[in-house]
Amino acid sequence: MKSWLPIPLDSDFSIYNFPFGVYQIDNQKPRLASILGEHVIDLAAMNALGFFNELGIAESVFENSFLNDFIALGKNTTNKVRAILIETFSTDNAALAVNEEHKKLILKNYQDVKMCMPVKVGNYTDFYSSIQHATNVGTMFRDPKNALLPNYKHIPIGYHGRASSITVSGTNFYRPKGQTKPADAELPVFGPTKQLDFELEMAFITGKSTQLGQSVSTAQAEDFIFGMVLFNDWSARDMQTWEYVPLGPFLAKNFCSTVSPWVVTLEALAQFRVAGEVQEPTVLPYLQYSGNKNIDINLSVSIATEKGIEQPISLSNYKYMYWNMNQQLAHHTVNGCNIEVGDMYASGTISGNDETAYGSMLELTWRGTKPIQMPDGTERKFINNYDTVIMKGYAAKGDIRVGFGEVRAKVLPSI
Ligand code: MN
């Protein structure tokens, strides 16, 4: 497939992608959008011009601050919108290409717009599904010989997080303050975290709700998952070490998470499916699945200093997940917990097999014992004030590329 609109060869937003997001231009009200190459596509304008007439979608769905109402239309409708986008922008169809007036209403330069939070997140869950990450953390904090806890290969471990502090890429945030207990101190102290970390994650967003008592099977999961974003689960390691016993993460995690603005649909990612690791011992029947449920998505992390000097620090891949999305959603709902449109489910830190592919500073610097050298001569054990952490992700096969763009956020001093 090719488009009549010029698209840079290495663009994440190829004609195979058409993700969905929410944008703003010139301080006007937010509107739903898609993106192709370097152009944002105003879906409200397309709807007003009749491109989606056959679907009978209300104006208010597109003139909206969030994707939730659009997603709630169901995959039958949203997949048709995506199909109309592919058709409208492909070389086989010149109607819009030669209509300057319509092009002006529909296409905006990406650099001129502001991207907004894509969904109103009702509920947020964070899993712990990368076995290498769990092994690294277990090795550092517990016992190298028994790094994985006995439940790890039987249960997709997770916890309920905080939805209110999930922000969109480009939103800077303040270094969290809290309680820590230095190793040599008898009593806890209060102050800004000294061990601010990122977690390289991806998250899926549910597109259909269930009722209390209802469960979603691994076979049904894809019908309930609308799409995915990049997810940075900011973490304060010193606060986490002190507070996490016995109930797990709390204030070390809920001060901020950052997501990428474009929701890439499961359908756009379908051709990048790969097999996951063989799960041994065999999991309980409700967690069993068939088919390729992992996805080959290249992930990268870099740190940019205050002066803008950028240092790549990790290359990982979403395919390393031990537990896949279908299993995560089946597990989440097996007890009858209901889900809602726009809920976000993060993967847990995605670490690959060696230190070039670890998904957090905790692992990359091995708890600060192996600092990362920066191009300006400074070093990092954790993340400094005014550092920007940038994560990118894309899937590729031959000439076909489907990506997420980036998620970035800068750390400001505590207030
Ligand atoms: Mn996490």
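On a predicted model such as this, the values are computed, not experimentally measured, just so you know. (Residues numbered from 1 in each chain as written. Predicted model: local features only at pLDDT ≥ 70, side-chain atom pairs only at ≥ 80, totals over all residues. Heavy atoms only, no water.)

### Here's the deal with the environment of N298
By secondary structure assignment, the location of N298 is in strand β20 (residues 298–304). Given the relative accessible area of 28%, N298 is considered partly exposed. Each C-alpha atom, one on N298 and one on I86, is 24 Å from the other, the two residues being 212 residues apart in sequence. When residues no more than four places from it in sequence are discounted, the contact partners of N298 are S316, N317, K392, G393 and Y394. (Helix = DSSP H or I, 4+ residues; strand = E, 2+ residues; numbered from the N terminus. Buried < 20%, exposed > 50% of the residue type's maximum accessible area, 1.4 Å probe, protein only. Contact = heavy atoms within 4.5 Å.)

### With respect to the pairing of β20
Among the seven residues that make up β20, five are buried, leaving the element largely enclosed by the rest of the structure. Two strands pair when backbone bridges link them, and β20 and strand β21 (residues 310–317) are joined in this way by seven bridges, in the antiparallel orientation. Paired with N298 across the bridge in β21 is N317. Remark: five residues form the turn of the hairpin made by β20 and β21, two consecutive strands paired antiparallel; G308 in that turn has positive phi of roughly 90°. (Pairing = 2+ DSSP bridges.)

### Here we look at the coordination of the manganese ion
Within the protein, the atoms that donate to the manganese ion are D126 (OD), E199 (OE), E201 (OE) and D233 (OD), at distances of 2.1 to 2.2 Å. As a motif over one chain, the donors of the manganese ion read D-x72-E-x1-E-x31-D. Here D126 is found in strand β6 (residues 124–127), whereas its partner E199 is found in the loop between β12 (196–197) and β13 (200–206), with 73 residues between them in sequence. Using a relative accessible area of 2% as the deciding quantity, one classes D126 as buried. (Donors = N, O, S within 2.8 Å, 3.2 Å for Na, K, Ca; no water.)

### A short note on the pattern of salt bridges
Enumeration according to the criterion identifies 14 salt bridges in this entry. Of the charged contacts in the structure, one is a salt bridge between K208 and D223, with a shortest N-O distance of 2.6 Å. Highlighted residues: K208 in the loop between β13 and α7 (221–224) and D223 in helix α7, separated in sequence by 15 residues. When the shortest N-O distance is used, the salt bridge between D387 and R380 registers 2.7 Å. Judged by its relative accessible area of 5%, R380 is buried. One salt-bridge network, held together by shared partners, links D197, E199, D233, R237 and K253. (Salt bridge = Lys/Arg side-chain N within 4 Å of Asp/Glu carboxyl O.)

### Topic: the domain arrangement of the protein
Domain parsing of the protein yields domain 1 (21–115) and domain 2 (124–412). Facing 16 residues of domain 1, the contacting portion of domain 2 comprises 17 residues. Carbon and sulfur atoms make up 67% of the area that domain 1 and domain 2 hide from each other, which totals about 1200 Å². At the boundary of domain 1 and domain 2, one finds one salt bridge. The residue K75 makes a salt bridge to E267 at a minimum N-O spacing of 2.9 Å. Sorting the residues of the side of domain 1 that touches domain 2 by element identifies β2 (31–36), α3 (68–71) and α4 (75–89) as the ones contributing at least two each. (Domains from an automatic or database assignment. Buried area = accessible area lost by both parts, 1.4 Å probe.)

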